[in-house]
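# Coordinate analysis (summary)
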Amino acid sequence: MGEQFKTIATLARALRAIVVVLLGLLLSAPSGAQTVRDGRADLSGHDFARGPVVALDGEWRFVPGADSSTVDDLGGSIRPIRVPGLWGSHGVRFQPSIGRGTYLLQLRVPAGAGRLGLALPWINGAFELRANGVRIGGQGRVGDARTEIARSRPTVYALPESPTGRYEVRLAVSNHVHAEGGLRGSITLGRYESLSREAERQDIFGWVILGAALAITAHYLVTFAVSRDVGYGLFAGLAASLGLYLFVDRGLHYRVLPWMTEGPSLRVAYLLLAGIVPLTFGFLHRLFPNEVNTRTVRAVCLVAGCFVAVVVGTEPLLFTRLRDALIVFVVGSYGVAGWLTLRAWRHRRDGATLVVLTFLVALLAAFHEALLFFGAHQGPSMIGLALVVFSLGNAAALGDAVQRTQRAVLSLGEDLARLNATLEERIADRTHALAQSERRFRDVSEAVGEFIWETDARGVFVYLSGRVRDVLRYGPEDLLGRSLFSLMTEDVRAQSAGLMDANESPDGFRGAEIEALDRRGGVVVLQVSGIPIYEETGALAGWRGAALDVTERKRAEARLHELAQTDPLTGLANRRSFLDMVNEVIARCRREDRPAAMLLLDIDHFKRVNDTYGHEAGDAVIEAVAASLKRLLRDEDVVARYGGEEFALFLPNTAKATAYRIGERVRRSLAEETIEFGAEPLTITASIGLSAAEADDLDARRLLREADQALYAAKRGGRNQTVTYEIAVAVAGSDAA
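Residues numbered from 1 in each chain as written. Predicted model: local features only at pLDDT ≥ 70, side-chain atom pairs only at ≥ 80, totals over all residues. Heavy atoms only, no water.

## Re the overall build of the protein
A count of helical and extended segments in the protein gives 22 helices and 25 strands. Restricting to contacts in the protein with at least 6 residues of sequence separation, those with at least 24 account for 67%. Summed over its atoms, the accessible surface of the protein is roughly 36,500 Å², and 55% of this surface lies on carbon and sulfur atoms. (Helix = DSSP H or I, 4+ residues; strand = E, 2+ residues; numbered from the N terminus. Contact = heavy atoms within 4.5 Å. Areas by Shrake-Rupley, 256 points an atom, 1.4 Å probe, with all protein chains shown as cover.)

Take a look at the structure:
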């Protein structure tokens, strides 16, 4: 068996070249296109003997609800409809959704152009093609649901000779069974012989790929029967599903089963497509169990199972509406599978390079197939080529995995023998190293300020290291028989009740911060970590962990937080924290549907105070104003030192008239106050700008901006006054006039 794996691995070296070829095919486009306008296409200047085939995409005419024999001309109520081109609109695939209609085109080619043909793309349902009134092809009977099939094979039909080079093409289509109908891509025009040869090549290619898939399936079924390795069975199922899906998707099964109608055909195609994904993930789980875990495989199987249930339990008219979702699921799943395989490659898993390359090919082919399915792209299906590449690469990777398993089994006995020979020596070394590690851990714990603790299953201390004396001022002997929770107050104990609960914390806890009382009743903040200890029977034996005194660090953090939020001179909120608090209060005002107001207060001639008496006097004035504001305002009001000599006051639940009275009371109080500084008492005045709004219009930055405008008007109007935003706007308007 090892020789065949070496052969497959040798063949897999050609993957890089195949990938390059596939990319070239994916990026290829039809060599010519003719935009159809108003149901007409003029190709009288085209040389079909030398020129390429022409894709007749663009604006055809369409008659809903009619067949080719009932359409008289191109006028009247006939409406234009887009036929998809290479990257054109694909909405046409929904016309007609359920029913029938006729596409119309007037075509002009050079007289004597030779034998021309029309290559029709996939068509869902029955159709009839006429040229100059002559029926040149069709499938089933238009309007008869019993003759409709899921998807016709792309076929070439010869045009009758026309001495004048003028053709009137009529394509009647119908679909009554499922939700899709109409054209699935451009109709191409060219020399009949060239189009026929291309169609034959595509037909032969489909049969070859089916034969290859069945051969691969048979080979790996036999390998699975011999080796009992589930990977071979999954890969056999995957190869069979891909081959059969390609066979059914291209309509080749109608050659073998001509009696099959649209419903069973659609059901088989959808079931094969839904089954490809779980088979792929199961196969990858066999190769890379660390990257593709069991939960991922179960999730994919669950989604695929839902699709299968819908397909089996409903009619085509219903489950084909999930086609786009199913295609997205398949393409997306292959993308996820490729990403997981890429992780295996990054982790240097054996065989991952081959699987990454083959999944790149498979993903590109699936994406290309989706573009074909949605009508956004034209060209041959790449699924068959991807199947060949995928089979070679993954078979080689699977062979490598099996060889590794066999080598591991052969070397296992030797490893066990060597292990038994040195087992006692290694146990002794391990015991010595463990004792050293325990001593080292305790030395380090003492050095960093932690104390080690251990409890029984009830949470009662059975061991404490000597460091506990420095942290809690209790000796280890004082705490034996007590629990950590006995050192807490009742409220802290309630908050930490689930800390040492193995059901809630099966893996233990780390960095839990709790407040404990030391021997003198002082509060000590401990950072505690612990892990559960289990007996051999699985029962909880106790807990073991460490505790670190972080009291000073928490105090420093609280002080830093306070300094970051407050003004150091006045103790009021600073500018940044003021905005945060105001936004919180505004949210509450909106919920309660209450108005609010913003006051900006600026000390008049403050620079004169600094220049005359010095900055210490200025600081005394700032402190006196802050104290007055704290005394005059309510607890719910938000006050901040907003700038050098500027203060901001936010008054929630306050209408504009009330806010104005509060501003005047503050202004008069400051004007009447005498500030003691040295031998000379100081008096000051202040200017105040006011902005107010109802609950729905509250916005902190807008209120500040309007209050600032009002403050500017108050200072410009002589200072020592309170001015509202509305008055400021009116004064500014009169000044401008």
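Here the narrative resumes, following the displayed structure.
## Re the sheet that holds strand E14 (residues 450–456)
As a general point, the strands of a sheet are linked pairwise by backbone hydrogen bonds and lie either parallel or antiparallel. Read from one edge to the other, the open sheet built from 5 strands follows the order E15-E14-E18-E17-E16, with strand pairing classed as antiparallel. With partners counted over all chains shown, the strands left at the sheet margins are strand E15 (461–464) and strand E16 (509–517), one partner each. In this sheet, adjacent strand axes meet at a mean angle of 30° when their direction is disregarded. When E16 meets strand E17 (residues 523–534), the two strands line up antiparallel, connected through 7 bridges. Note that in E17 the partner of Ala-516 across the bridge is Val-524. (Pairing = 2+ DSSP bridges. Axes fitted to C-alpha atoms, helices over the stretch in contact; angles between N-to-C directions.)

## Some details on the pattern of salt bridges
Should the charged atoms of two oppositely charged side chains come close, the side chains can pair. Per the stated rule, a full pass over the model turns up 16 salt bridges. A salt bridge links Glu-454 to Arg-544, with the shortest nitrogen-to-oxygen separation between them at 3.2 Å. A residue pair is termed long-range when its members are at least 10 positions apart, and Glu-454 in strand E14 and Arg-544 in strand E18 (residues 540–549) qualify at 90 residues. Its salt-bridge partner being Glu-636, residue Arg-634 comes within 3.1 Å of it at the nearest N-O pair. With relative accessibility at 36%, the residue Glu-636 sits in the partly exposed group. One network of salt bridges, in which partners are shared, links Glu-128, Arg-130 and Arg-135. (Salt bridge = Lys/Arg side-chain N within 4 Å of Asp/Glu carboxyl O. Buried < 20%, exposed > 50% of the residue type's maximum accessible area, 1.4 Å probe, protein only.)

## Some thoughts on the sheet that holds strand E20 (residues 638–641)
Here we have 5 strands laid out as an open sheet, ordered E20-E21-E19-E24-E25, and mixed in their pairing. The sheet is open, and its two borders are formed by E20 and strand E25 (722–724), each paired with just one other strand. Between one strand axis and the next, the sheet turns through 20° on average, direction left out of account. Taken together, the 3 bridges between strand E24 (residues 686–693) and E25 define a ladder with parallel strand orientation. Note that in E25 the partner of Leu-690 across the bridge is Thr-724. Those strands touched by helix H17 (residues 575–592) are strand E19 (596–603), E20 and strand E21 (646–652), and its axis lies near 15° from that of E21. Sheet strands in contact with helix H20 (residues 656–672) are E19, E21, E24 and E25, and its direction is about 165° off that of E24.

## Quick notes on the pairing of E19
Most of E19 sits inside the fold, with 8 of its 8 residues counted as buried. Side-chain alternation along E19 places Ala-596, Met-598, Leu-600 and Asp-602 on one buried face and Ala-597, Leu-599, Leu-601 and Ile-603 on a second face that is also buried. Here 7 bridges tie E19 to E21, and the two strands are oriented antiparallel to one another. Looking at the pairing, Leu-600 lines up with Ala-648 of E21. As defined by bridge partners, E19 adjoins E24 across 8 bridges and the pair is classed as antiparallel. Paired with Met-598 across the two strands is Ser-691, which belongs to E24.

## Observations regarding the packing of aromatic side chains
Under the defined criterion, the tally for this structure stands at 4 aromatic pairs. For the ring pair Trp-60 and Tyr-103, a centre distance of 6.5 Å and an interplane angle of 85° mean the geometry is edge-to-face. Of this pair, Trp-60 sits in strand E3 (residues 54–64) while Tyr-103 sits in strand E5 (residues 99–108), and the two are 43 residues apart along the sequence. Classification of Tyr-103 by relative accessible area gives buried; the value is 0%. Taken together, a centroid distance of 6.0 Å and an interplanar angle of 75° make the contact between Phe-578 and Tyr-642 edge-to-face. Remark: Tyr-642 occurs in the loop between E20 and E21 and Phe-578 occurs in helix H17; sequence separation between them is 64 residues. For the cation-ring pair, Arg-482 lies above Tyr-474, with the distance from its terminal atom to the ring centre recorded as 5.5 Å. Over the aromatic face of Tyr-642 sits the side chain of Arg-575, whose NZ or CZ is 4.0 Å from the ring centroid. (Phe/Tyr/Trp six-rings, centres within 6.5 Å; stacked < 30°, edge-to-face > 60°. Lys NZ or Arg CZ within 6 Å of the ring centre and 35° of its normal.)

## Here we look at the side chain of Thr-570
Looking at where Thr-570 falls in the secondary structure, it is placed in the loop between helix H16 (551–565) and H17. On the basis of relative accessibility, which here comes to 9%, the residue Thr-570 falls in the buried class. Within the local environment of Thr-570, its side chain forms a polar contact with the side chain of Asp-567, the two groups lying 2.8 Å apart. Once residues within four sequence positions are removed from consideration, Thr-570 is found in contact with Ile-622, Ala-626, Lys-630 and Arg-641. (Polar contact = N/O pair within 3.5 Å; in protein donor to acceptor, adjacent residues only side chain to side chain.)

## Brief notes about the nonpolar core
Grouped together as the largest cluster of nonpolar side chains are 34 residues, with contacts concentrated most on Leu-273, Ile-276, Phe-281, Leu-326, Phe-329 and Val-330. When residues of this core are traced back to their parent elements, those giving at least two are helix H4 (230–249), helix H6 (262–287), helix H7 (294–313) and helix H9 (323–346). With residues up to four places along the chain from it excluded, the contact list for Phe-281 reads Val-292, Thr-296, Val-297, Val-300, Ser-333, Val-336, Ala-337 and Leu-340. Formed by 31 residues, the second largest nonpolar core is a distinct cluster that contains Val-625, Phe-647, Ile-684 and Ala-686. (Core = buried A, V, L, I, M, F, W, Y, C linked by side-chain atoms within 4.5 Å.)

## Concerning the pairing of E20
On E20, burial covers both faces: Val-638 and Ala-640 on one face and Val-639 and Arg-641 on the other are all buried. Both E20 and E21 contribute to a ladder of 4 bridges, which runs antiparallel. The residue of E21 that forms the bridge with Val-638 is Phe-650. The antiparallel pairing of E20 with E21 creates a hairpin that spans 4 residues between the two strands.

## Some points on unusual backbone geometry
Even without a glycine there, the phi angle at Asn-132 is positive, about 55°. Among the secondary structure elements, Asn-132 is positioned in the loop between strand E8 (126–131) and strand E9 (134–139). Classification of Asn-132 by relative accessible area gives partly exposed; the value is 37%. Although it is not a glycine, Arg-719 sits at a positive phi angle of roughly 70°. Here Arg-719 is to be found in the loop between helix H21 (700–716) and E25.

## What about H21?
For H21, which comprises 17 residues, the first-to-last C-alpha distance of 24 Å matches the rise-based estimate of 24 Å (1.5 Å per residue) to within 8%. Within H21, burial applies to Ala-700, Leu-703, Leu-704, Glu-706, Ala-707, Ala-710, Leu-711, Ala-713 and Ala-714. (Expected span 1.5 Å × (residues − 1).)

## A closer look at the environment of Ile-149
Its location among the elements puts Ile-149 in the loop between E9 and strand E10 (155–158). Relative accessible area serves as the criterion here: at 13%, Ile-149 is assigned to the buried category.

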